[in-house]
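# Secondary and tertiary structure notes
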Amino acid sequence: MNDSSKKITGSEALMNALVAEGVDTIFGYPGGAIMPVYDKLYDYSDRLHHILVRHEQGAIHAAQGYARAQKGKPGVVLVTSGPGATNVITGITDAMMDSTPLVIIAGQVAASALGTDAFQETDLLGLTMAITKWNYQIRRPEDVEWAVARAFYIASTGRPGPVVLDFTKNAQVGLTESHFERCLSIDSYNPNPVPREQSIEEAVKLINAARKPFVVYGHGIELSGAEKELAAFLDKGGIPAGSTLLGLSALPSDNKHYKGMLGMHGNVAPNLMTNACDLLIAVGMRFDDRVTGTVSTYARQAKVIHIDIDTAEIGKIIPVNVGIWGDAKHVLQELIDRMAPASHDEWEASFDNADQVEYDKVIKPETEPGEGYLRMGEVVAAVAKVSGGSAAVITDVGQNQMMAARYSRFNQTDSLITSGGLGTMGFGLPAAVGYKVAQPDRQVCLFVGDGGLQMTMQELGTIMQEKLGVKIVLMNNNWLGNVRQWQEMFFDARYSQTRMLNPDYMAIAGAYGIKSRIVESREDLLPAVQEMLSDDKPYLLEVHVEEEELVMPMVPPGKGIDEIMLNGNEWYENGK
């Protein structure tokens, strides 16, 4: 505890509290209502590195990338009131859906002016109530340190998420004494639930009795640091597993029990296994509709165990036989200690044919050099080959996202950063900025489409100013590709407002001092990727890919998770 009785401003109290919470990086953009804080930040430049983004949306997505790279350390965002605050709303929603810990500090008009429609006044508490774990308006300087301590505790514990502090101008300039104490608990908030003994025992009985068990796991594995426990659980039980989009990289791609990604554009075998297993063990995932397909036909043949830190998720969508409210790392270890060793080789091997069919019909044509235009899968596979699966893969949203998820390879955790629940185009570039700030020695590769890049392209300026060696792989097909795919498949090829007239990306990259190269031929792809990854400077690789490419396999809307299209005309049926 700091017992100093020296009076300081609320702005300085904020700086002290951030330093005490271990903050070293802030992503932000100054403005009138937050100017006293920025003035005090000037005195803390040796302790707090401020990243000046080019738009507030860039700030919050960068903070998301930073937080995802830091394993539980919240990203911090600092913006002004009014438009500065409203520009982070999308990112707050994104962080809430994907359980990313953030602390957003926004300027606000003086408390005396609240409710008067003063210049740049916005009801930020009302706007963010449904999309934050907690929000609070700081109206007095003496409340600053208390609010900051509480914000960091709530954002980073239990199921992580965003917290908003609305910081009135009078609280920024008013005087207070500094007595900072970290928050260690809050009445009625239980971020570390102890699993019920009965639930653990019931789960163990089901696991030991299962003949065809299957694990589906999500982002909760990485959030809880349960990667080793997951691998040990699968090894001891001889259990195959499939990952959600956000769970990718929690297991190495070459793990013998890993069967691939689940969901709409997931791999054939794990989707089939979902509806063929006799026990479904869900860990740290929330049964998103892109994973389940039609809920009425999802895993109806199986008993279900659901492990989650958020009790509200258990049984919310899929009925469960055993729900275990607890941290995945702790629960998995409890199960490992009590379950019997087992193997289910015949069950796992029964889906080898599905893997082969997917390889022959989808993966080989997509990733191996062939005729015609370059394909997105080829591009992703080339990057994975040159990087050796060691790069952090950041994606935007759309076809580029699904191709990067399907064909990247991972040999370490926290290596796939993407916008899952909200599907936010424009997420990728600033998220790559944040990840690279957090992990400057790691190779960071962004896969992005021409539509998503243009949504936050101004953050090339942040890359330039911070000298960040982000590698940008632009897969340019001159379309809003994912929407175009749906228009082709489900709207009679009526391509309404999806064709794009694109700028000269090389000229734009050059204006920001970023080296760039265009690839149009197959023989130039691998040398270009090697050149891109050969040094630590930023690089934009624009690859012209087939315009009418489809991301396959696909579980169409309204279909069960085992009703899988292999291409535009062919369905997976009876092992064929």
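Counting starts from 1 at the beginning of each chain's written sequence and moves along it residue by residue. Only residues with pLDDT of at least 70 get local features here, since the model is predicted, and only at 80 or more are side-chain atom pairs given and counted; chain-wide, interface and lining totals rely on the full set of residues. Only hydrogens and water are set aside when side-chain values are computed; all heavy atoms of the structure are taken into account.

Turning our eyes to something else, we now look at the overall build of the chain. A tally of regular secondary structure across the chain gives 24 helices and 20 strands. In summary, the chain has a C-alpha radius of gyration of 24 Å against a globular reference of 25 Å for 576 residues, a match within 12%. With respect to the principal axes defined by its C-alpha atoms, the chain has extents near 75 × 65 × 40 Å. To sort residues, take the accessible area from a 1.4 Å probe on protein chains only and compare it with the maximum for the residue type: under 20% means buried, over 50% means exposed, and anything in between is partly exposed. In the chain, buried positions account for 58% of the 576 residues. Segments assigned H or I by DSSP are reported as helices when at least four residues long, segments assigned E as strands when at least two residues long, and all are numbered from the N terminus. As a reference, a globule follows 2.2 Å times the number of residues to the power 0.38, and the radius of gyration itself is taken over C-alpha atoms.

Geometry of a packed helix pair, given as the angle between the helix axes and the separation of the axes. What counts as an axis is a line fitted to C-alpha atoms, over the stretch in contact for a helix, and the angles between N-to-C directions run from 0 to 180 degrees. At a minimum axis distance of 9 Å, the contact between helix 17 (residues 376-387) and helix 18 (residues 399-407) shows a crossing angle of 45°. For the element pair helix 17 / helix 18, the angle class is oblique. The crossing of helix 17 and helix 18 is right-handed. Every residue of helix 18 that contacts helix 17 at Met376, Gly377, Val380, Ala381 and Ala384 is listed here: Gln399, Asn400, Met403, Ala404 and Tyr407. Classes in brief: Ala, Val, Leu, Ile, Met, Phe, Trp, Tyr, Cys and Pro nonpolar; Asp, Glu, Lys and Arg charged; the others, Gly included, polar. The residue makeup of the contact of helix 17 with helix 18, split by class, is 7 nonpolar, 3 polar and no charged. Put simply, angles under 35 degrees are roughly parallel, angles over 145 are roughly antiparallel, angles from 65 to 115 are roughly perpendicular, and the rest are oblique. Helix crossings are classified by the rotation of the near helix relative to the far one: an anticlockwise turn of less than a right angle makes the crossing left-handed, while a clockwise turn makes it right-handed. Every residue pair with non-hydrogen atoms within 4.5 Å of one another is taken to be in contact.

Turning our attention to unusual backbone geometry. Geometrically, the link from Met552 to Pro553 is a cis peptide bond, its omega value of 0° lying close to zero. Summarising the element assignment, Pro553 is placed in the segment after strand 20 (539-544). With phi around 75°, Ser188 is a residue other than glycine that occupies positive phi space. In this structure, Ser188 sits in the loop between strand 8 (175-177) and helix 9 (197-209). Among the residues examined, Ser188 registers a relative accessible area of 85% and is labelled exposed. Residue Asp414 is not a glycine yet carries a positive backbone phi of 55°. With respect to the helices, strands and loops of the structure, Asp414 is situated in the loop between helix 18 and strand 16 (416-417). The exposure class assigned to Asp414 is buried, which follows from its relative accessible area of 12%.

Moving on: empty space enclosed by the protein. Site definitions follow a grid-based scheme: protein atoms alone, a 1 Å grid, a 1.4 Å probe that fits but cannot get out for cavities, and for pockets an open set with protein on both sides within 12 Å along at least five of seven lines, plus lining residues having an atom within 4 Å of a point. Grid points are joined across faces, edges and corners, and a volume is the space filled by probe spheres set on the points. Using the criterion set out here, one finds 1 cavity of 30 Å³ or more in the structure. Quantified by volume, the largest cavity comes out at close to 40 Å³. Per element, the largest residue contribution to the lining of the largest cavity is 3 residues, and it comes from helix 17. Residue composition of the lining of the largest cavity, grouped by class: 5 nonpolar, 3 polar and 1 charged.

On to the nonpolar core. Counting 99 residues, the largest nonpolar core has Val215, Tyr217, Phe233, Leu280, Ile281 and Ile305 as its most contacted members. Note that the domain bounds reflect an automated or database-derived domain assignment. Residues lining this core come from more than one domain, with at least three contributed by each of domain 2 (197-352) and domain 3 (374-544). With sequence-adjacent residues up to four places away left out, Phe233 is seen in contact with Ile207, Val215, Ile239, Ile281, Leu332, Leu335, Ile336 and Met339. Core analysis: the next-biggest nonpolar cluster, separate from the first, contains 49 residues, Ala85, Met457, Tyr505 and Ile514 among them. Residues grouped as a nonpolar core are buried Ala, Val, Leu, Ile, Met, Phe, Trp, Tyr and Cys residues, joined through side-chain atoms within 4.5 Å.

Moving on to the domain arrangement of the chain. Domain boundaries in the chain define domain 1 (3-177), domain 2 (197-352) and domain 3 (374-544). Spacing between the C-alpha centres of domain 1 and domain 3 amounts to 30 Å. Domain 1 puts 25 residues into the contact, and the matching count from domain 3 is 28 residues. Buried surface at the junction of domain 1 and domain 3, summed over both partners, amounts to about 2000 Å²; 58% is from carbon and sulfur atoms. Values labelled buried area give the accessible surface lost by two parts on being combined, using a 1.4 Å probe and summing over both.

Another point: the packing of aromatic side chains. Aromatic rings from Phe, Tyr and Trp, taking only the six-membered ring of Trp, are treated as a pair when their centres fall within 6.5 Å; an angle between ring planes under 30 degrees marks them as stacked, one over 60 as edge-to-face, and anything in between as tilted. Overall, the coordinates contain 9 aromatic pairs when judged by the stated rule. Their ring planes at 75° and their centres at 5.8 Å tell us that Phe287 and Tyr298 sit as a pair that is edge-to-face. Here Phe287, found in the loop between strand 12 (279-283) and helix 13 (289-292), pairs with Tyr298, found in the loop between helix 13 and strand 13 (303-308); they are 11 residues apart in sequence, far enough to count as distant. Pair check on accessibility: Phe287 and Tyr298 agree, each one buried. Look at Trp479 and Tyr495: their rings are 5.2 Å apart centre to centre, the planes differ by 65°, and that puts the pair in the edge-to-face class. Remark: Tyr495 occurs in the loop between helix 22 (481-490) and helix 23 (505-511) and Trp479 occurs in the loop between strand 18 (471-476) and helix 22; sequence separation between them is 16 residues. On the basis of relative accessibility, which here comes to 32%, the residue Tyr495 falls in the partly exposed class.

Turning our eyes to something else, we now look at helix 1 (residues 10-20). Of all 11 residues making up helix 1, 8 are buried, and the element is well covered by its neighbours. Among all positions in helix 1, only Gly10, Ser11, Glu12, Ala13, Leu14, Met15, Ala17 and Leu18 are buried. Within two residues after helix 1, Gly22 carries a phi angle of roughly 85°, on the positive side.

Take the sheet that holds strand 10 (residues 241-243) next. At least two DSSP bridges between two strands are needed for those strands to be called paired. Across the sheet, 6 strands lie side by side as 11-10-9-12-13-14; this open sheet has parallel pairing. Of all strands in the sheet, those with a lone pairing partner are strand 11 (258-261) and strand 14 (322-325), marking the two edges. Pairs of neighbouring strands in the sheet enclose a mean axial angle of 15°, with direction left out of account. In terms of strand pairing, strand 9 (residues 213-217) meets strand 10 through 3 bridges, oriented parallel. Counted as the bridge partner of Tyr217 is Ser243 from strand 10.

Here we take up the pairing of strand 19 (residues 515-519). Residues in a regular strand point their side chains to alternate faces of the sheet. Two strands pair when backbone bridges link them, and strand 19 and strand 20 are joined in this way by 5 bridges, in the parallel orientation. Note that in strand 20 the partner of Ile518 across the bridge is Glu542. A clockwise course of the path from the first strand over the helix to the second, judged with the strands pointing away from the viewer, identifies a crossover as right-handed. Between the parallel elements strand 19 and strand 20, the chain passes through helix 24 (residues 522-532) in a crossover that is right-handed.

Overall, parallel pairing links the 6 strands, which are arranged 16-15-17-18-20-19 in an open sheet. The sheet terminates laterally at strand 16 and strand 19, the two strands that pair on one side only. Here strand 15 (residues 392-395) pairs with strand 17 (residues 444-449) via 4 bridges, running parallel. If you follow Ile394 over to strand 17, its bridge partner there is Leu446.

Following the sequence through the fold, Ser408 ends up in the loop between helix 18 and strand 16. Pairing of N or O atoms within 3.5 Å defines a polar contact, subject to two protein rules: one partner must be a possible hydrogen donor and the other a possible acceptor, and residues neighboring in sequence count only if both atoms are side-chain atoms. Polar contacts involving the side chain of Ser408 include one to the main-chain carbonyl oxygen of Ala404, which spans 2.7 Å. Setting aside residues up to four positions removed in sequence, Ser408 forms contacts with Ser253, Val380, Ala384, Val393, Met403 and Phe447.

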